[in-house]
Amino acid sequence: MTKVYKYYLIEDESKLELPEYIDQPEYVRNKSVGYSLQIVGWLVFMWLFMPVLTIFFWWFESQTIYQQLVIQAQPDSQLSLMNIVVMILGFIGVLLLWATYNWVRFSGKDRRRNPVAVALPQLASSFKVNTADIINMQQARNLTLYYNNKGLLEFVETNHQLKKRISA
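It should be emphasised that the depicted structure is a prediction, and the values quoted were computed from it without experimental measurement.

The rules behind each value
Residues numbered from 1 in each chain as written. Predicted model: local features only at pLDDT ≥ 70, side-chain atom pairs only at ≥ 80, totals over all residues. Heavy atoms only, no water. Helix = DSSP H or I, 4+ residues; strand = E, 2+ residues; numbered from the N terminus. Buried < 20%, exposed > 50% of the residue type's maximum accessible area, 1.4 Å probe, protein only. Axes fitted to C-alpha atoms, helices over the stretch in contact; angles between N-to-C directions. Parallel < 35°, antiparallel > 145°, perpendicular 65-115°, else oblique. Contact = heavy atoms within 4.5 Å. Nonpolar A, V, L, I, M, F, W, Y, C, P; charged D, E, K, R; others polar. Pairing = 2+ DSSP bridges. Phe/Tyr/Trp six-rings, centres within 6.5 Å; stacked < 30°, edge-to-face > 60°. Expected span 1.5 Å × (residues − 1). Core = buried A, V, L, I, M, F, W, Y, C linked by side-chain atoms within 4.5 Å.

Q: How do you make sense of unusual backbone geometry when you look at a structure like this?
A: Peptide bonds are mostly trans, and most non-glycine residues show a negative phi. Its identity is not glycine, yet Lys-128 carries a phi of approximately 60°, on the positive side. Relative to the elements of secondary structure, Lys-128 occurs in the loop between α3 (120–127) and α4 (131–139). In this structure Lys-128 comes out as exposed when scored by relative accessible area, which is 56%.

Here is the structure:
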């Protein structure tokens, strides 16, 4: 079953609800001044408020971490500070071992090869078209392929031509 999509072209621009300044260049004369003011505003914001926010978040998170790891955790629990440090060091060690193994295995060896060139008859049989159509497709600057629901090529649109029926 083929799905059919319908697209409607709006011809009356009053239905689009566009702002007034879009088509009137007198509203947007000094773009460079507007962009410059916007950049200056962001720089002032970052210069003034970002350090204050950063200090607040560092203080808040340090209090939370201190509460969770030092005050509430017992030394023999699973989430003690020492166990977390040991786990982090273990993970770092595993990653270093894995990276060293890959470096020893693959260093100095380029195992990539260029793909084998495909002959025209083989390419045509994979698309289920004849070789003349493949040659036309290769010579086209712009190409649009249309497939059916089964995945078979039905139409080819090349350059500014109309749709051309594929001959199998």
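Q: Is there a simple way to explain the packing of α3 against α4 in this structure?
A: In helix packing, the relevant descriptors are the interaxial angle and the interaxial distance, both defined with respect to the helix axes. α4 packs onto α3 with a crossing angle of 100° between their chain directions and a minimal axis gap of 9 Å. Judged by the inter-axis angle, α3 sits roughly perpendicular to α4. Between α3 and α4, the contacting residues are Leu-120, Pro-121, Leu-123, Ala-124 and Phe-127 on the first element and Thr-131, Ile-134, Ile-135 and Gln-138 on the second. Looking at the contact of α3 with α4 residue by residue, the class counts come to seven nonpolar, two polar and no charged.

Q: Can you walk me through the pairing of strand β2 (residues 153–158) in this structure?
A: Moving residue by residue along a regular strand, the side chains alternate between the two faces of the sheet. Where strand β1 (residues 143–147) lies against β2, five bridges are found, and the strand directions are antiparallel. Note on β2: the bridge partner recorded for Leu-145 is Val-156. Joining the antiparallel neighbours β1 and β2 is a turn of five residues, in which Gly-151 adopts a positive phi near 90°.

Q: Is there a simple way to think about the packing of aromatic side chains in this case?
A: Each aromatic ring pair is described using two quantities: the centre-to-centre distance and the angle formed by the ring planes. Taken as a whole and judged by the stated rule, the model has four aromatic pairs. Seen from their ring centres, Phe-45 and Phe-49 are 5.8 Å apart, and the 40° between their planes marks the pair as tilted. With Phe-45 and Phe-49 both in helix α1 (residues 31–71), this residue pair falls four residues apart, about one helical turn. Taking relative accessible area as the criterion, Phe-45 reaches 34% and is therefore assigned partly exposed. You can call Phe-49 partly exposed: its relative accessible area is 46%. Judged by centre distance (5.4 Å) and plane angle (55°), the rings of Phe-56 and Phe-57 are tilted. Residue Phe-56 is classed as partly exposed on the basis of its relative accessible area of 45%.

Q: Got a minute to help me understand helix α2 (residues 81–106) in this structure?
A: A turn of α-helix holds 3.6 residues, and therefore any two residues three or four places apart point the same way. Between the first and last C-alpha of α2 there are 38 Å, a value that for 26 residues agrees with the 38 Å anticipated at 1.5 Å per step. Of the residues trailing α2, Gly-108 is marked for its positive phi of about 75°.

Q: What should I look at first to understand the nonpolar core in this one?
A: Counting six residues, the largest nonpolar core is built from Ala-124, Val-129, Ile-134, Met-137, Leu-153 and Val-156. Mapped by element, the contributors of at least two residues to this core are α4 and β2.

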